[in-house]
2 protein chains.
Amino acid sequence: MKLWENNVRKVVPYVPGEQPDQPHMIKLNTNENPYPPAPGVMENLYTFDTDTLRLYPDPSSKILIDALAEHYKIDAEQIFVGVGSDDVLAMAFLTFFNSLKPILFPDITYSFYDVWAQMLHIPYKPVPLDDDFRIRREDYYEENGGVIFPNPNAPTGELESLEDIEDILCHNQDVIVIIDEAYIDFGGKSALPLLNKYENLLIVQTFSKSRSLAGMRIGHAFGSRELIRYLNDVKYSFNSYTMNHLALALGTAAVEDDAYFRETIHKIVTTRERMKEEFRSLGFVFGDSMSNFLFVTHPDFPAAQLFEALKQENIYVRYFNKPRIDNYLRITIGTDDEMDALLEFLHNYIKR
Amino acid sequence: MKLWENNVRKVVPYVPGEQPDQPHMIKLNTNENPYPPAPGVMENLYTFDTDTLRLYPDPSSKILIDALAEHYKIDAEQIFVGVGSDDVLAMAFLTFFNSLKPILFPDITYSFYDVWAQMLHIPYKPVPLDDDFRIRREDYYEENGGVIFPNPNAPTGELESLEDIEDILCHNQDVIVIIDEAYIDFGGKSALPLLNKYENLLIVQTFSKSRSLAGMRIGHAFGSRELIRYLNDVKYSFNSYTMNHLALALGTAAVEDDAYFRETIHKIVTTRERMKEEFRSLGFVFGDSMSNFLFVTHPDFPAAQLFEALKQENIYVRYFNKPRIDNYLRITIGTDDEMDALLEFLHNYIKR
């Protein structure tokens, strides 16, 4: 090792889901929305005055925050936006998890949490889910430096009740509790009604799934004014201008079209429920996902092999080679046509 | 203070330059380019397929990095991109400045350096510039945890020679040395020729000034393969997908049009040199700026008052209420028309 390497922060980086770019591929591996963004997004793009790109964007992201405030009926001072929910979560880890006590999150969860904790030298303790991959609320009663979990959880799709969430909040009023609601729009109940009751609650959401804008990198958080102010202070000390002009303009258009949003969600949820029946009849075992993916296992067909077989067919799903879930596949809900192609393959594969 | 506030990172945030939005304002306060981005930027925008926005962008930013590699004749593995040079610098501070010894930077410099250091708990020591606002290379011979300075420096515009920079590198081979070249394209000599000689050298540049894309948030860094790999490891552990589809597409168009780039630079440099003569004849005192701004003081007219008077006229410049520079104004080089309006006001103000 060279001497200058002594001062380098050394990490095992997060490996994002493969982003294959094959002609005619069926991409069900990173939980993207199969439908395009709202028509207003295209309109805002094609009428955008590129001359203004020479100017810095508004660092306060006012236009986007105001649209969110209007949509969710929440005060603008209770909203934070960032470059995808990953950016929002990274800022939240940096801002709120500075205890010597470990932060708590489920052992099976979004695989970025332990990466952030390691990178930022935050002590952490994974809390095992029960055998049905559900959170046991009592496990979060012990002393800790903060709590974070997704609801619905990823990659399981399991939704916890607001009652359980409030119970965890009740037992953790001395630390920040982050509920990561990346998938909440697909049938879950948001913790938003708890926002004004618990000033230590941060709710994080994203435009990448339900709003079809993974490519624009937009995420947001709701919290008490105090929490959002602390988060903004750190954000302004890290990068003042995170949201570019087009992210602001296009994100705003996406929020404003509620009818399109509901229609898209409805289509995905309908397809998901149909898929549950189909997968069940094929012998797959899985929980009652409330997200835009299913997390499935099959008693007779190892997931790793099925994953490879699907890849051969240009169908990409997600496989995690990790303890407890290494016989599962996470399959994004695509269009009905994409799902039918997947089913056709699975029928043949399983009856082979 | 509430108990949950114990774990919060508390910072005094960076205050970005005011972003006024007045009709007919003359905006010379945040060193933006007065000319629009290259025509290809508009073309790429108006032919962009918004349907692809539902998909995640390429986390490796290959299209943009390849364009930079081609333009600068540098290996793609030696290039890093981020959400503006602020994002690149924040990642670099996080990755490379992890010593218990203080990092060194000039006392008069980009006002974000001490903000990053404070936010990330990095010890630092501001090194006074000499009376002409120049770097004394011997001041950087002492033991330290890293070195960073802009060249040309901001807000002074002073350019240090490559010889001085190499001398500082020579004396600091055990730490990372970052040269922040945000303004290098306006007449300075980049440290790029030193890149393959010093594997601890990181050179940071931006699309916000010379490429007229402040609004798209694009910055980049050049370094040894080792340095860029370490930087990417931390970046992938912070936010895997930082550059959105449009930043990648539009940034690439900007890099590819070298003729437009040179033409714009030429116009700004010509205006700057004319302004130097005009300002001199008005009695202003200033160094030989090699950037797209002048940093001026006047023996008879206090900067703070002039700043306010200009604001009244809808002319925005930058004033820093800080030791040693609180009688200076930083004035961005705008179009010739904007500069003429500024000069007309100054003539009247000074002869009043």
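Residues numbered from 1 in each chain as written. Chains lettered and ligands numbered in written order. Predicted model: local features only at pLDDT ≥ 70, side-chain atom pairs only at ≥ 80, totals over all residues. Heavy atoms only, no water.

J.: Got a minute to help me understand the pattern of salt bridges in this structure?
T.: One side chain can pair with another of opposite charge once the charged atoms of both are near each other. Taken as a whole and judged by the stated rule, the model has 48 salt bridges over all chains. Ionic pairing is found between A:Lys73 and A:Glu70, a salt bridge with its closest N-O pair at 3.5 Å. Overall, A:Glu70 belongs to the exposed group, its relative accessible area being 53%. Note that B:Asp340 and B:Arg274 form a salt bridge whose closest N and O atoms lie 3.1 Å from each other. One end of the pair, B:Asp340, is in helix H10 (residues 336–351); the other, B:Arg274, is in helix H8 (residues 258–281), with 66 residues separating them in the sequence. Classification of B:Asp340 as partly exposed rests on a relative accessible area of 35%. Residues joined by salt bridges that share partners form a network here, namely A:Arg137, A:Glu163, A:Asp164 and A:Asp167. (Salt bridge = Lys/Arg side-chain N within 4 Å of Asp/Glu carboxyl O. Buried < 20%, exposed > 50% of the residue type's maximum accessible area, 1.4 Å probe, protein only. Helix = DSSP H or I, 4+ residues; strand = E, 2+ residues; numbered from the N terminus.)

J.: I keep staring at empty space enclosed by the protein and nothing clicks. Help me out?
T.: Over the atoms rolls a probe the size of a water molecule, and its path tells where empty space is left. Evaluation of the coordinates by the stated rule reveals 8 cavities of 30 Å³ or more. Computed from the structure, the largest cavity encloses a volume of approximately 390 Å³. Along the walls of the largest cavity sit 27 residues, with A:Tyr14, A:Tyr110, A:Tyr183, A:Lys209 and B:Tyr56 positioned nearest its centre. With 4 residues, the top contributor of residues to the lining of the largest cavity is helix H3 (residues 84–96) of chain A. When grouped by side-chain class, the residues that make up the lining of the largest cavity number 11 nonpolar, 10 polar and 6 charged. (1 Å grid on protein atoms, 1.4 Å probe; cavity = no way out; pocket = protein on both sides within 12 Å on 5 of 7 lines; lining within 4 Å. Points joined across faces, edges and corners; volume = space filled by probe spheres on them. Nonpolar A, V, L, I, M, F, W, Y, C, P; charged D, E, K, R; others polar.)

J.: Got a minute to help me understand the environment of B:Glu338 in this structure?
T.: Residue and element names in this part refer to chain B. With respect to the helices, strands and loops of the structure, Glu 338 is situated in helix H10. Owing to a relative accessible area of 18%, Glu 338 belongs among the buried residues under this scheme. Once the C-alpha coordinates of Glu 338 and Met 25 are considered, the two residues, 313 residues apart in sequence, prove to be 9.5 Å apart. Among residues more than four places away in sequence, those in contact with Glu 338 are Ile 26, Leu 28 and Pro 34. (Contact = heavy atoms within 4.5 Å.)

J.: So what exactly am I meant to see when it comes to the packing of aromatic side chains here?
T.: Two descriptors summarise a pair of aromatic rings, namely the distance from one centre to the other and the angle between the planes of the rings. Counting across every chain of the model gives 47 aromatic pairs over all chains. Judged by centre distance (6.2 Å) and plane angle (55°), the ring pair of A:Phe133 and A:Phe295 falls under tilted. Taken as a pair, A:Phe133 in the loop between strand E4 (124–127) and strand E5 (147–150) and A:Phe295 in strand E10 (residues 293–297) lie far apart in primary sequence, 162 residues in all. With respect to class, A:Phe133 is no different from A:Phe295; both count as buried. Pairing A:Tyr140 with A:Phe149 gives two aromatic rings, centres 6.0 Å apart and planes at 55°, and the pair type is tilted. Classification of A:Phe149 as buried rests on a relative accessible area of 1%. Among the aromatic residues, those joined into a cluster by ring pairs are A:Phe93, A:Phe97, A:Phe105, A:Tyr110, A:Phe112, A:Tyr113, A:Trp116 and A:Tyr124. Above the plane of the ring of A:Tyr35 lies A:Lys267, whose end atom (NZ or CZ) is 4.1 Å from the centre. The ring of B:Tyr236 carries the charged tip of B:Lys235 above its face, separated from the ring centre by 5.4 Å. (Phe/Tyr/Trp six-rings, centres within 6.5 Å; stacked < 30°, edge-to-face > 60°. Lys NZ or Arg CZ within 6 Å of the ring centre and 35° of its normal.)

Keep in mind these numbers describe shape, not what the thing actually does.
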